[in-house]
Amino acid sequence: MPELPEVETVRRQLEPLMVGRRLASVSIRDSRLTRPLDPHAVEAALTGCTVGSVNRRGKYLVFDLDGVNWLAHLRMTGAFLTTSTGTFDDSRHLRAVVQLDDGAGVGYRDVRRFGTWAVLTDQELDYIFTTHLGPEPLSDAFDQAWLSVRFARSGARVKAALLDQTTAAGVGNIYADEALWQAGVHPARAAGSLDDSEIVALVAAVRGALTKGIERQGATLRDYRAPDGASGAMQDEFAVYGREGEPCNRCSGLVTKIRVAGRGTWFCPSCQPTSVRS
DNA sequence: CAAGGACCCTGTTTGC
DNA sequence: TGCAAACAGGGTCCTT
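Keep in mind that what you see is a predicted model, and the values were worked out from it rather than measured.

**Considerations on the pairing of strand S3 (residues 60–65)**
Two faces make up the sheet, and in a regular strand the side chains alternate between them.
Here is step 1 of the chain: Counting buried residues along S3, five of its six residues qualify, which places the element largely inside the surrounding structure.
Here is step 2 of the chain: One ladder, built from five bridges, connects strand S2 (residues 53–57) with S3; its direction is antiparallel. Residue Ser53 lies in a different strand from S3, and its bridge partner there is Asp64.
Here is step 3 of the chain: Counting the residues between successive antiparallel strands, the hairpin from S2 to S3 contains two residues, one of them, Gly58, with a positive phi of roughly 60 degrees.
Here is step 4 of the chain: Bridge analysis of S3 against strand S4 (residues 68–73) gives six bridges, and the strand direction is antiparallel. Paired with Phe63 across the two strands is Trp70, which belongs to S4.
Here is step 5 of the chain: Once S3 ends, the chain turns through two residues before running back antiparallel as S4, passing Asp66 with a positive phi of about 50 degrees.

Structure below.
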């Protein structure tokens with residue numbers, strides 16, 4: 001589900017409600033949520049801790065509880081929801097509930113149950129991030145030099161390369177398609193076939209798509225909601241995602257849907273031509 | 001190294 | 001209308 005802009009929106013909403021608060025109680029209702037960790041051990045580790053900061057790395061949320069790291073990944077349908085009263089009107093698919101010391105509640109809903117929670121040491125957290133995640137795409141580390149190195153001589157399709165979290169942490173299916181359209185690059189091109197100007201355009205396009213997504217507070221297609229229940233607005237501004245058969249915003253082409261890297265992929269065949277070199 | 005599929009799950013949409 | 005297959009924003013693992 002949520003990609004970087006959605007997770008960042010969640011982070012920004014949770015931050016003011018949770019920082020400085022003590023976790024009065026933690027109830028994990030679905031033992032799959034913490035697999036392979038024992039849910040009771042996770043409850044015990046979190047209960048009583050005070051939230052120092054709410055951070056994001058790629059699509060992960062990281063709650064810093066004074067040395068205890070609480071990691072959450074929402075995967076496809078995970079969602080945090082907040083309530084000032086501590087109770088939830090709709091408890092369907094509620095997999096965990098955290099009560100804060102001011103009476104507010106933080107719930108975790110996940111229809112498909114792919115999301116995961118973990119409690120990790122600093123060393124474990126560092127290991128996961130350095131081995132599984134590349135640079136933050138909105139940081140200076142994500143630049144032409146980095147993408148050139150990553151793509152050099154790669155025969156992988158450029159969309160697959162963008163979805164690889166070690167290329168840029170947090171890019172998912174939606175923003176990959178939007179960025180490739182913005183850069184005018186066909187999603188099935190070999191990553192190694194992009195020239196310097198295309199790499200530069202793609203770096204800017206990834207940044208631009210994610211920044212716009214954050215400004216619009218994410219995209220709500222099916223399940224995604226911000227913790228306060230609000231929908232995002234980014235879906236209203238998609239150039240290609242989900243717009244099969246509709247006219248391209250930039251040329252006379254029609255948005256086309258194909259399958260790349262096992263995922264639904266939308267692009268404009270007219271302004272995202274297949275390279276002669278790919 | 002890359003591609004494709006299975007798998008982890010449930011709900012909704014599509015197609016016959 | 002009814003039913004079953006296909007599909008969904010993620011990520012990992014295994015085989016080819």
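Having seen the structure, we can now continue with the description.
**Notes on the packing of helix H1 (residues 4–18) against helix H7 (residues 196–215)**
Here is step 1 of the chain: Close contact between H1 and H7 brings their axes to 8 Å; oriented N to C, the two are set at 35 degrees. The way H1 lies across H7 gives a crossing that is right-handed. On H7, the residues touching Leu4, Pro5, Glu8, Thr9 and Arg12 of H1 are Leu210, Gly213 and Ile214.
Here is step 2 of the chain: A class-by-class count of the residues in the contact of H1 with H7 yields four nonpolar, two polar and two charged.

**Topic: the protein's contact with DNA strand C**
Here is step 1 of the chain: Residues in close proximity to DNA strand C total 22 residues, the closest being Lys59, Arg222, Asp223, Tyr224 and Tyr241.
Here is step 2 of the chain: Among all atoms of DNA strand C positioned within 4 Å of the protein, those belonging to sugar or phosphate total 51%.
Here is step 3 of the chain: Here a base nitrogen of DNA strand C and a side-chain polar atom of Arg263 are 3.2 Å apart.
Here is step 4 of the chain: Counting only elements with at least two residues in the surface near DNA strand C, the list comes to helix H6 (173–183) and strand S9 (256–260).

**Structural notes on the sheet that holds strand S5 (residues 78–83)**
Here is step 1 of the chain: The strand order across the open sheet built from four strands is S1-S6-S7-S5, with neighbouring strands paired in antiparallel fashion. A single partner strand is all that each edge strand has here, and the edge strands are strand S1 (23–28) and S5. The mean angle between the axes of side-by-side strands here comes to 15 degrees, regardless of whether they run parallel or antiparallel.
Here is step 2 of the chain: The pairing of S1 with strand S6 (residues 94–100) spans five bridges and is antiparallel. Counted as the bridge partner of Val26 is Val98 from S6.
Here is step 3 of the chain: Across the sheet, H1 touches S5, S6 and strand S7 (105–110), and the angle it forms with S5 is around 35 degrees.

**Quick notes on the environment of Ala261**
Here is step 1 of the chain: Here Ala261 lies in the loop between S9 and strand S10 (263–267).
Here is step 2 of the chain: For the pair Ala261 and Ala161, spaced 100 residues apart in sequence, the C-alpha to C-alpha distance is 9.3 Å.
Here is step 3 of the chain: Once you skip the residues sitting within four places of it in the chain, Ala261 turns out to touch Arg157 and Ala160.

**Some details on the environment of Ala141**
Here is step 1 of the chain: Along the chain, Ala141 turns up in the loop between helix H3 (122–132) and helix H4 (144–151).
Here is step 2 of the chain: C-alpha separation for the pair Ala141 and Val97, spaced 44 residues apart in sequence, amounts to 36 Å.

**Section: the packing of aromatic side chains**
Here is step 1 of the chain: In total, this model carries 10 aromatic pairs according to the counting rule given.
Here is step 2 of the chain: Ring centres of Phe80 and Tyr108 lie 5.3 Å apart, and the angle between their planes is 65 degrees; this geometry places the pair in the edge-to-face category. Here the residue Phe80 occupies a position in strand S5, and Tyr108 occupies one in strand S7, the gap between them amounting to 28 residues.
Here is step 3 of the chain: What makes Phe80 buried here is its relative accessible area of 1%.
Here is step 4 of the chain: Members of the aromatic cluster, connected to one another through ring pairs, are Phe63, Trp70, Phe80, Tyr108 and Trp117.
Here is step 5 of the chain: One residue, Arg250, lies across the ring of Trp181, its end atom 4.0 Å from the ring centre.

**Considering the protein's contact with DNA strand B**
Here is step 1 of the chain: Within the structure, DNA strand B sits among Arg32, Arg35, His93, Val111, Arg112, Arg113, Phe114, Ser154, Gly155, Ala156 and Arg157.
Here is step 2 of the chain: For DNA strand B, the backbone makes up 66% of the atoms found within 4 Å of the protein, where backbone means sugar plus phosphate.
Here is step 3 of the chain: At 3.5 Å, a side-chain N or O of Arg35 approaches a phosphate oxygen of DNA strand B.
Here is step 4 of the chain: By residue class, the composition of the surface near DNA strand B is three nonpolar, three polar and five charged.

The rules behind each value
- Residues numbered from 1 in each chain as written.
- Chains lettered and ligands numbered in written order.
- Predicted model: local features only at pLDDT ≥ 70, side-chain atom pairs only at ≥ 80, totals over all residues.
- Heavy atoms only, no water.
- Buried < 20%, exposed > 50% of the residue type's maximum accessible area, 1.4 Å probe, protein only.
- Helix = DSSP H or I, 4+ residues; strand = E, 2+ residues; numbered from the N terminus.
- Pairing = 2+ DSSP bridges.
- Axes fitted to C-alpha atoms, helices over the stretch in contact; angles between N-to-C directions.
- Left-handed = near helix turned anticlockwise from the far one by under 90°.
- Contact = heavy atoms within 4.5 Å.
- Nonpolar A, V, L, I, M, F, W, Y, C, P; charged D, E, K, R; others polar.
- Near = heavy atom within 4 Å.
- Polar contact = N/O pair within 3.5 Å; in protein donor to acceptor, adjacent residues only side chain to side chain.
- Phe/Tyr/Trp six-rings, centres within 6.5 Å; stacked < 30°, edge-to-face > 60°.
- Lys NZ or Arg CZ within 6 Å of the ring centre and 35° of its normal.

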